There are 6 protein chains.
Amino acid sequence: MSKKLSADLDGLTPTPLDAVTKPVNWQLEQIVEQLRAARAEWRSSTGRARELGSRELPSRAAVENILEALCGALFPMRLGPSGLRQESEDFYVGHTLDNALNSLLEQARLELRYAARQRGEVEAGSDAVAVQIVRDFAAALPGLRRLLDSDVIAAFAGDPAARSVDEVLLCYPGILAVIHHRLAHHLYRAGLPLLARIAAEIAHSATGIDIHPGAQIGHSFFIDHGTGVVIGETAVIGNRVRIYQAVTLGAKRFTADETGQLHKGQARHPIVEDDVVIYAGATILGRITLGKGSTIGGNVWLTRSVPPGSNVTQATLQHQPGSPG
Amino acid sequence: MSKKLSADLDGLTPTPLDAVTKPVNWQLEQIVEQLRAARAEWRSSTGRARELGSRELPSRAAVENILEALCGALFPMRLGPSGLRQESEDFYVGHTLDNALNSLLEQARLELRYAARQRGEVEAGSDAVAVQIVRDFAAALPGLRRLLDSDVIAAFAGDPAARSVDEVLLCYPGILAVIHHRLAHHLYRAGLPLLARIAAEIAHSATGIDIHPGAQIGHSFFIDHGTGVVIGETAVIGNRVRIYQAVTLGAKRFTADETGQLHKGQARHPIVEDDVVIYAGATILGRITLGKGSTIGGNVWLTRSVPPGSNVTQATLQHQPGSPG
Amino acid sequence: MSKKLSADLDGLTPTPLDAVTKPVNWQLEQIVEQLRAARAEWRSSTGRARELGSRELPSRAAVENILEALCGALFPMRLGPSGLRQESEDFYVGHTLDNALNSLLEQARLELRYAARQRGEVEAGSDAVAVQIVRDFAAALPGLRRLLDSDVIAAFAGDPAARSVDEVLLCYPGILAVIHHRLAHHLYRAGLPLLARIAAEIAHSATGIDIHPGAQIGHSFFIDHGTGVVIGETAVIGNRVRIYQAVTLGAKRFTADETGQLHKGQARHPIVEDDVVIYAGATILGRITLGKGSTIGGNVWLTRSVPPGSNVTQATLQHQPGSPG
Amino acid sequence: MSKKLSADLDGLTPTPLDAVTKPVNWQLEQIVEQLRAARAEWRSSTGRARELGSRELPSRAAVENILEALCGALFPMRLGPSGLRQESEDFYVGHTLDNALNSLLEQARLELRYAARQRGEVEAGSDAVAVQIVRDFAAALPGLRRLLDSDVIAAFAGDPAARSVDEVLLCYPGILAVIHHRLAHHLYRAGLPLLARIAAEIAHSATGIDIHPGAQIGHSFFIDHGTGVVIGETAVIGNRVRIYQAVTLGAKRFTADETGQLHKGQARHPIVEDDVVIYAGATILGRITLGKGSTIGGNVWLTRSVPPGSNVTQATLQHQPGSPG
Amino acid sequence: MSKKLSADLDGLTPTPLDAVTKPVNWQLEQIVEQLRAARAEWRSSTGRARELGSRELPSRAAVENILEALCGALFPMRLGPSGLRQESEDFYVGHTLDNALNSLLEQARLELRYAARQRGEVEAGSDAVAVQIVRDFAAALPGLRRLLDSDVIAAFAGDPAARSVDEVLLCYPGILAVIHHRLAHHLYRAGLPLLARIAAEIAHSATGIDIHPGAQIGHSFFIDHGTGVVIGETAVIGNRVRIYQAVTLGAKRFTADETGQLHKGQARHPIVEDDVVIYAGATILGRITLGKGSTIGGNVWLTRSVPPGSNVTQATLQHQPGSPG
Amino acid sequence: MSKKLSADLDGLTPTPLDAVTKPVNWQLEQIVEQLRAARAEWRSSTGRARELGSRELPSRAAVENILEALCGALFPMRLGPSGLRQESEDFYVGHTLDNALNSLLEQARLELRYAARQRGEVEAGSDAVAVQIVRDFAAALPGLRRLLDSDVIAAFAGDPAARSVDEVLLCYPGILAVIHHRLAHHLYRAGLPLLARIAAEIAHSATGIDIHPGAQIGHSFFIDHGTGVVIGETAVIGNRVRIYQAVTLGAKRFTADETGQLHKGQARHPIVEDDVVIYAGATILGRITLGKGSTIGGNVWLTRSVPPGSNVTQATLQHQPGSPG
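Residues numbered from 1 in each chain as written. Chains lettered and ligands numbered in written order. Predicted model: local features only at pLDDT ≥ 70, side-chain atom pairs only at ≥ 80, totals over all residues. Heavy atoms only, no water.

Within an unreviewed UniProt entry, the label attached to chain A reads serine O-acetyltransferase, and the organism entered is Zestomonas insulae. Taken from UniProt, the Sequence similarities (unreviewed entry) comment for chain A reads in full: "Belongs to the transferase hexapeptide repeat family." Recorded under Catalytic activity (unreviewed entry), the UniProt text for chain A is reproduced unchanged: "L-serine + acetyl-CoA = O-acetyl-L-serine + CoA". (UniProt positions renumbered as here; feature names shortened; annotations may be inferred.)

Below you can see the structure in the form of structure tokens.
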């Protein structure tokens, strides 16, 4: 070390750097031990002390990859890789589908085996069922693409700010949510409710639109803006329906005579008939029916059925005694 | 294989593993064929059977990278890479800008060529226009940084929970949305509405704040919490305006005499003058004006103009006959 | 294209390929210079012209990694890596914790040093404090896991659509938000409010649920759907509370006599006692108390306390003169 | 550019930008078709037309990951992740081993099934065998670590330029090759010659040292520099042997009476007894024995056995009539 | 901070940590300036001061990706992705080829434009030539696959240690080198010598086998072990040739009458006729011919032609006066 | 499950799938325990039982990143990122240097602290020394760039196959090795022999060229092909030297009177004066001098000095009695 260098260093005090750079001991052994105890407690309290934990669950990351691949396979030039050319569209679609379907098969096996264990059944038959479900799902994709095309056209027609169908597909969160929903709904009906729910929540996180995969939705469906939309498990929505941000199609839960334990699976969300429009912030609760062609105004709170062609606004409701104005 | 090993294996039955691990045939040829038919149908139905599909659209992933790079170039010590030091700040800024601008140029060319094809024009002139737009955009960045500094200060001043201007820039979703908006708005005005919309939707997805890139917003703008905010394409917002979560500055669409086909581009969203505050959940619809210095209360539903200095709350409105209280 | 722009383009030669493929000059030197000037202006205007910028702030990306690792360490079989097996659970937990805690230590040092500079103090003692905070945080994890187990059970019990506790943990955004909140709240109380806020905003971005890390929340807490929920810094929530999407527990800011400068840290958000249920869209403002076991209906606007066992709906409120119905 | 080529280009239009940016058609359909035909030809010519191609082979990338993980698990503080601390060494080792062993199990299954198909046998029993092989491999790791420690010490002792045992482990290609060899040799003997060979070639590519996994090598083995070393399948090397770059321990293939078809598996490479040193460039061919403690000089060409304690140099050999000097 | 904590910290001295953690100033401005001066000097000394540096060269990373993709497209089940199934083989091949060819087109344009600039020509025609070259290359792939199949069979036949043709393709460095060479040689002849050289060096780095892309090599070629093999630009190799590690087919450069300036492109490397075997370490120099069916022994040094059927060993040569024995 | 589906499944036997898919228990606890014991044994046998293992060593991956960055900073348009343009060259260089130097500082601190521990000294002063070393290294880069330019020109002049200086820089392994050597040699002399050695081995692995970082090499140095070259620690090479593949400049180790323990650091490798050429495979051993302008033929074995202007070939040597011909 040169003279000049050591001069430069004169001002530096020697030792205390170590005070911090010395590796800290976190008592990891003890914390790991306590976390294991916490897990053991949980498992014994939920009756799965023996072995359930040793089996794999479906993976959210895997489902994300599958859905992204399916989006590309369904709309290759617009949601596929950026350099894709028409000459190789089919190659891309075939290769991508192959990956997506095999990965979906793996996830489906995990869900079916998990479900069998939950029911206390043997898991053995699950794998063949998984194959059949994925095969049916694959066969349904062309039909789903046609359905989604109707949604894209509905979005373009329904928004004065939309410049092209391509912009709609590239940008609109409502379209993203509907693509995920239509795929998730197929899985839900095929017997994979957990994968379906994961797919729905991926869209929920990206868009703020929360559609339960059980909801039935007709063609040409359009959600504008979308943040805060909630559509419940047993909702039934007709064709050409349009809804805006913060609309809820929910269950009416707090009736006076409830026992505190709702029956699962019971129809408890609204039926929305064809050609209905529901503006932002409207809250529609319970198994009621919005008649064909009705318009529901912004921020309306609605808990009873309305006939076809109704035009419901806050002002309208205010004239009805006892209404939640 | 040792004696001991074969003993261990006695209990294993030999064949059925293959039942599942045999590769499944998905009938890919057929599905790919059907998907191609669905695309062909779509293309012919939208009048682009010949060749449009063979050209590239802008890429959302590319726009995400560009925006992240621009955030770093605008606020290097706070949104740039974690180890950045002041000595090399300019090197980082210059290198990052260079990457971001060249990538933006590529995306701009894609949008302009796409737009030319949509209009049935030749694409040839697009590239030189793209260069000019990006050059102007680059030159505007220092001014945009100053504008954003005013927003950061407004956020710090407007939220009692804010501890420092740095916390605001690192954490607040409203700031993230405003950075994206100011960049997107420049692109929108420069003739790149699709890139602008993609940029806006990236922020929408991350924050739940949905600002159309066409909206004009003055300096020192602050959105707190933000989830569910919607600001429409033709909204005009003055200086020092503050708004809270779930506020809508929207169009009033459902007038009795509408023809079902709104003119695109028409001014249809509110004008919010300087120093207005709008609390959470307020819905402001139509081309109305909120006068300078007004305060709009939470959950208020407002469809007509109010003079400067107004203080509008639900209670106030309830006394006005016919109001949507 | 504006007059000025087309003028600029006049000089372009006709062989257009080169026109574009020739590298464009963006005047980077000049823009970088101007951005530096803008930063200098900002720094001098906020009184940190000398050197503050040369120090590092905590990194959002680092906090994201830490939280993801902690989620895995807390719930290894459900939020850990997909192939994990029970035999190596503890190895995974220990290794992951070690990485997470060391990374947290680094971030904690950055925040404490930053805070010391903000206060004009020397940074020297910060590092030892950081070690102690992280050590305490590590020791608290087993307790936090037990608390979170109560939340998972509450979610399962509270949603008729939930099929299993595992589905809840894998899918429900409310659970994700609560995990982040409980970790962030510990950091907040330990003296790391900036890291805590970053953690909270990560969850906010993913779920649309905005819980300030200062909020105190009892066990068995459940948020359903969640988009648009806002819970303020000084809110206090009891045990077994259930809330739905778009509920606000906020501050009542626009009293007539305000001076425009609220005291920071003052208790200004609601107290929600045990066993309260708050339905979607309800807005609860100010330091009021919702008595034990009360039910607050959807879209209710509430700014005063209610006694235990209350059942508040829009209809109820409408009968009270002056209420914001 | 050939005549034919320039002819092809005559038709190109003069606006050159489009000439190139127009997507090129590569006649992919046709090329893919022809490649399929080439594969079909190959498969039929090698007698596997029916189905062999539809099954997976082991993956080189997977083996690379497994070996990197095993290096880390064997030498955690020196070949493991850079931030590892002693407190969490065992956690890291356990977690890493778990990943490596499960991944190895998958690769072992692929090789055993492949081998069964090659032999025309059913694949069914393969999986249980794979489990047993990997279990034995895992159990052998502590012993392998001790053996490798002897190699590290031999390298440190044998090279005057070595500064520390840690430098040896971090830097010396000979050590890298020996680690790979000892692991590969275990797999080779356990019945996984393909995985073993892949592992050996990974080291060969990184170091230029080509050790067949079948070679038997005693403890305290050291290869210096190493590029160009070749050690054959049936070579047997004693303890404390040291060799330098470009040494070959090969088979003597070109005897006058050969039939052109060597029997596979026959012992055909040298036996090197304890404490032998072989200097750079020496070529030792055939099933000869280098007696204990011998020294073989640089560039020597040796095809017959030498007694213990020999000192063979080029000069020595030149005096022996008929020698290949 | 609690009493207990501060007690723990008593022993820590406060300040000097900063001594090191203070960001160091590297005088970057000055070093960057000096590096710019060094580049300017270089550019002016090599006559390219004006603008050459502003254009892009081909990228080694891009060529690596292209070659890896082509390996997969040529041998999908063995060098393609690990999960590939026969049903989707063609989809994978088509999609991968498309990516590889478009990327190759980009690199070819860069080389041709670079070469035009080097020659002082305009770059304009380069792009159409690039298209034609890549189209021809694509059309040649099925033929190249058949040629490579002959090499795989030769390797399997030539090595007693080889267990299957698949092992050869997965493991043997000689095969990797030959695949790269056959692709590189096509590019070399098509007028892309720089891309060809990059491809050759990628294989050289991975295998230690250095084949100049100009070398002409017949079918059924096999290199065993391979490290240190060098084959020169104008070498001509017949069918069914087999060579071992460290063989050189080089130029004889140091003749007495050389002028120090060899003519580029002159034939200066050996011609190796059909069915020749060359054992390890042999050095063959100059434009000599090894007659059909000859065998060249290990470490032989050979600078004159040998007739067909020769069997050359060191011993043989030693009997010839003046030979380099 | 539909009738049709269950029919399809009839042939599947139910249970044994589990036999394999059941997670295997590897006895990890036990293996981890045994590996810990092996490490403890090693540490105690090498006298570092107490604590050495708890400190970090330099990281090969980090050094790889540093060297790649430095290559880019030294030759930005040719070894930097592919899209770099001249306008932003300095920004790229400055930003990249900053990252590389800070990362190098970290690695230098690790080596110096490690070395201090090895010597039994306190580590405290190491950090300031590291800063000074890296600062000097940074200041030396412009000079190193000029030196490397001389090497590039020498390679271009020395190889008849080279087409341009750019091809040389992009493709030639000899250039890559020399860049790494010149950087490593600076670190070696500055007191960081471990980092220097790691850098040298990175080049060795990529090129097969093994230059000890201690070797002193003049300007305009060229290695052609390069595989198998070995240059020892104390070698001294003049200006304008050219060497070919498989040349060794080594130590002559096996003298009759050796004690088995060579003194470390002693000058033991050749001195090669200016303008010497050494052809492929030559082996030069011991502290001998090759006089200025000499030519050493291929495969020559040389262990004594030769005067300036010598022309040494195998034939020449053979006439000298006792020579290793």
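Quick look at the domain arrangement of chain A now. Residue and element names in this part refer to chain A. Domain boundaries in chain A define domain 1 (57–209) and domain 2 (228–253 + 265–325). A C-alpha centroid distance of 28 Å is found between domain 1 and domain 2. Listed by partner, the interface residues are 4 residues for domain 1 and 5 residues for domain 2. When domain 1 packs against domain 2, the two sides together hide about 310 Å² of surface, and 43% of this comes from carbon and sulfur. Looking at the side of domain 1 facing domain 2, the largest losses of area belong to Gly158, Tyr188 and Ile209, adding up to 75% of the total buried there. Summed over the shared surface of domain 1 and domain 2, the result is 0 salt bridges. (Domains from an automatic or database assignment. Contact = heavy atoms within 4.5 Å. Buried area = accessible area lost by both parts, 1.4 Å probe. Salt bridge = Lys/Arg side-chain N within 4 Å of Asp/Glu carboxyl O.)

Across the boundary between the two partners, chain D contributes 12 residues, which contact 12 residues of chain A. In total, chain D and chain A occlude about 950 Å² of area from one another, counting both sides; carbon and sulfur atoms represent 58% of this. Of all residues in chain D, Arg85, Glu87 and Phe91 of chain D give up the largest surface area on contact with chain A, accounting jointly for 54% of the area buried on that side. Applying the counting rule to chain D against chain A returns 0 salt bridges. Scanning the region where chain D abuts chain A turns up 6 residue pairs in polar contact (both at pLDDT 80 or more). With 3 residues, the single largest contributor to the side of chain D that touches chain A is helix H3 (residues 28–45) of chain D. Of the residues in the side of chain D that touches chain A, the class split is 6 nonpolar, 3 polar and 3 charged. (Polar contact = N/O pair within 3.5 Å; in protein donor to acceptor, adjacent residues only side chain to side chain. Helix = DSSP H or I, 4+ residues; strand = E, 2+ residues; numbered from the N terminus. Nonpolar A, V, L, I, M, F, W, Y, C, P; charged D, E, K, R; others polar.)

This brings us to the packing of aromatic side chains. Under the counting rule described, the total for this entry stands at 12 aromatic pairs over all chains. Ring geometry for Tyr244 of chain A and Tyr279 of chain A: centres 5.0 Å apart, planes at 15°, overall stacked. One end of the pair, Tyr244 of chain A, is in the loop between strand S6 (242–243) and strand S7 (248–250); the other, Tyr279 of chain A, is in the loop between strand S9 (277–278) and strand S10 (283–285), with 35 residues separating them in the sequence. As far as the burial class goes, Tyr244 of chain A and Tyr279 of chain A line up, both buried. Relative to Phe222 of chain B, the ring of Tyr172 of chain B has its centre 6.4 Å away and its plane inclined at 35°; by these criteria the two rings are tilted. One end of the pair, Tyr172 of chain B, is in the loop between helix H8 (165–171) and helix H9 (173–190); the other, Phe222 of chain B, is in strand S3 (residues 222–223), with 50 residues separating them in the sequence. For the pair Tyr172 of chain B and Phe222 of chain B, a shared accessibility class is recorded, and that class is buried. (Phe/Tyr/Trp six-rings, centres within 6.5 Å; stacked < 30°, edge-to-face > 60°. Buried < 20%, exposed > 50% of the residue type's maximum accessible area, 1.4 Å probe, protein only.)

The next point concerns the packing of helix H3 (residues 28–45) of chain E against helix H7 (residues 126–158) of chain F. Taken N-terminus to C-terminus, the directions of H3 of chain E and H7 of chain F make an angle of 15°; their axes are 8 Å apart at the nearest point. Between H3 of chain E and H7 of chain F, the angle falls in the class roughly parallel. The two elements H3 of chain E and H7 of chain F cross, and the hand of that crossing is right-handed. In contact with Ile31, Gln34, Leu35, Ala37, Ala38, Arg39, Glu41 and Trp42 of chain E of H3 of chain E, H7 of chain F contributes Ala138, Ala139, Leu141, Pro142, Arg145, Arg146, Asp149, Val152 and Ile153 of chain F. When the residues that make up the contact of H3 of chain E with H7 of chain F are grouped by side-chain class, the tally is 11 nonpolar, 1 polar and 5 charged. (Axes fitted to C-alpha atoms, helices over the stretch in contact; angles between N-to-C directions. Parallel < 35°, antiparallel > 145°, perpendicular 65-115°, else oblique. Left-handed = near helix turned anticlockwise from the far one by under 90°.)

Glancing now at the nonpolar core. Nonpolar side chains in soluble globular proteins tend to be buried together. In this structure, Ile278 of chain A, Ile278 of chain B, Ile278 of chain C, Ile278 of chain D, Ile278 of chain E together with Ile278 of chain F are the most contacted members of the largest nonpolar core, which totals 548 residues. With residues near it in sequence (within four places) discarded, Ile278 of chain B still touches Arg242, Ile243, Tyr244, Val247, Leu249, Val272, Ile284, Leu290 and Ile296 of chain B. (Core = buried A, V, L, I, M, F, W, Y, C linked by side-chain atoms within 4.5 Å.)

Before going further, it helps to spend a moment on the relation of the copies chain D and chain A. Turning chain D through 180° and shifting it by 0.0 Å along the axis lays it on chain A, with an RMSD of 0.0 Å. Here the two chains are linked by the operation of a two-fold rotation axis. Rotation axis and chain D: the residue whose C-alpha lies nearest the axis is Glu106 of chain D, separated from it by 7.6 Å. Counting the interface residues of chain D, we find that 100% of their copies in chain A are interface residues as well, pointing to one common contact surface. (Least-squares fit on C-alpha atoms with pLDDT ≥ 70 in both.)

A word on the sheet that holds strand S4 (residues 230–231) of chain B. Residue and element names in this part refer to chain B. Read across the open sheet, the 5 strands follow the order S1-S4-S7-S10-S13; overall the sheet is parallel. Strands at the two margins of the open sheet, each flanked by one partner only, are strand S1 (210–211) and strand S13 (301–302). Judged from the 2 bridges that link them, S4 and strand S7 (residues 248–250) form a sheet pairing that is parallel. Residue pairing for S7: Ile231 is matched across the bridge by Leu249. (Pairing = 2+ DSSP bridges.)

It is worth spelling out the pattern of salt bridges at this point. Tallying each qualifying case throughout the model produces 126 salt bridges over all chains. Among the ionic pairs, Arg60 of chain C bridges to Glu64 of chain C, the shortest N-O distance being 3.8 Å. Pair noted here: Arg60 of chain C and Glu64 of chain C are both in helix H4 (residues 60–74), with a separation of 4 residues, about one helical turn. Overall, the relative accessible area of 39% leaves Glu64 of chain C in the partly exposed class. Taking the shortest distance from any N to any O, the salt bridge between Arg240 of chain E and Asp274 of chain E comes out at 4.0 Å. With a gap of 34 residues between them, Arg240 of chain E in the loop between strand S5 (236–237) and strand S6 (242–243) and Asp274 of chain E in the loop between strand S8 (271–272) and strand S9 (277–278) connect regions that are remote in the sequence. Using a relative accessible area of 23% as the deciding quantity, one classes Asp274 of chain E as partly exposed.

Residues and elements named next belong to chain C. Read across the sheet, 4 strands follow the order S2-S5-S8-S11 without closing on themselves; strand pairing throughout is parallel. Two strands bound the open sheet, and with one partner strand each, they are strand S2 (216–217) and strand S11 (289–290). Where S2 and strand S5 (residues 236–237) come together, 2 bridges link them in parallel fashion. What sits directly across from Ile217, in S5, is Ile237.

Each copy of the sequence occupies a distinct position, and chain B is placed on chain C by a rotation of 120° and an axial shift of 0.0 Å, giving an RMSD of 0.0 Å. Expressed as a symmetry operation, the mapping of one chain copy onto the other fits a three-fold axis. Taken together, the interface assignments show that only 5% of the residues at the interface of chain B recur at the interface of chain C, consistent with different surfaces on the two copies.

Time to look at the interface of chain B and chain C. Taken residue by residue, the interface counts 64 residues in chain B and 60 residues in chain C. Of the roughly 5,500 Å² buried between chain B and chain C on both sides combined, carbon and sulfur atoms contribute 59%. Contact with chain C buries surface across chain B, with Asp90, Pro160 and Leu170 of chain B losing the most and accounting together for 11% of the total. At the boundary of chain B with chain C, the tally comes to 13 residue pairs in polar contact (both at pLDDT 80 or more). Counting only elements with at least two residues in the side of chain B that touches chain C, the list comes to helix H4 (60–74), helix H5 (76–79), helix H6 (89–118), helix H7 (126–158), H8, helix H10 (193–207) and helix H11 (314–318) of chain B.

The periodicity of an α-helix, 3.6 residues per turn, causes residues three or four places apart in sequence to face the same way. All names here are of chain A. With 18 residues, helix H3 (residues 28–45) extends 25 Å between its outermost C-alpha atoms, agreeing within 8% with the 26 Å of an ideal straight helix rising 1.5 Å per residue. When we look at burial in H3, the residues that qualify are Leu28, Ile31, Val32, Leu35, Ala38, Arg39, Trp42 and Arg43. Seen end-on, H3 carries its buried residues on one side only, within an arc spanning 135°. Residues of H3 that are exposed and point more than 90 degrees away from the buried face comprise Glu29 and Ser45. (Expected span 1.5 Å × (residues − 1). Arc of directions from axis to C-beta.)

Counting through the fold element by element, His95 of chain F comes out in helix H6 (residues 89–118). A relative accessible area of 11% means that His95 of chain F is categorised as buried. Here His95 of chain F is in contact with Phe91, Tyr92 and His95 of chain B, once residues within four sequence places are set aside.

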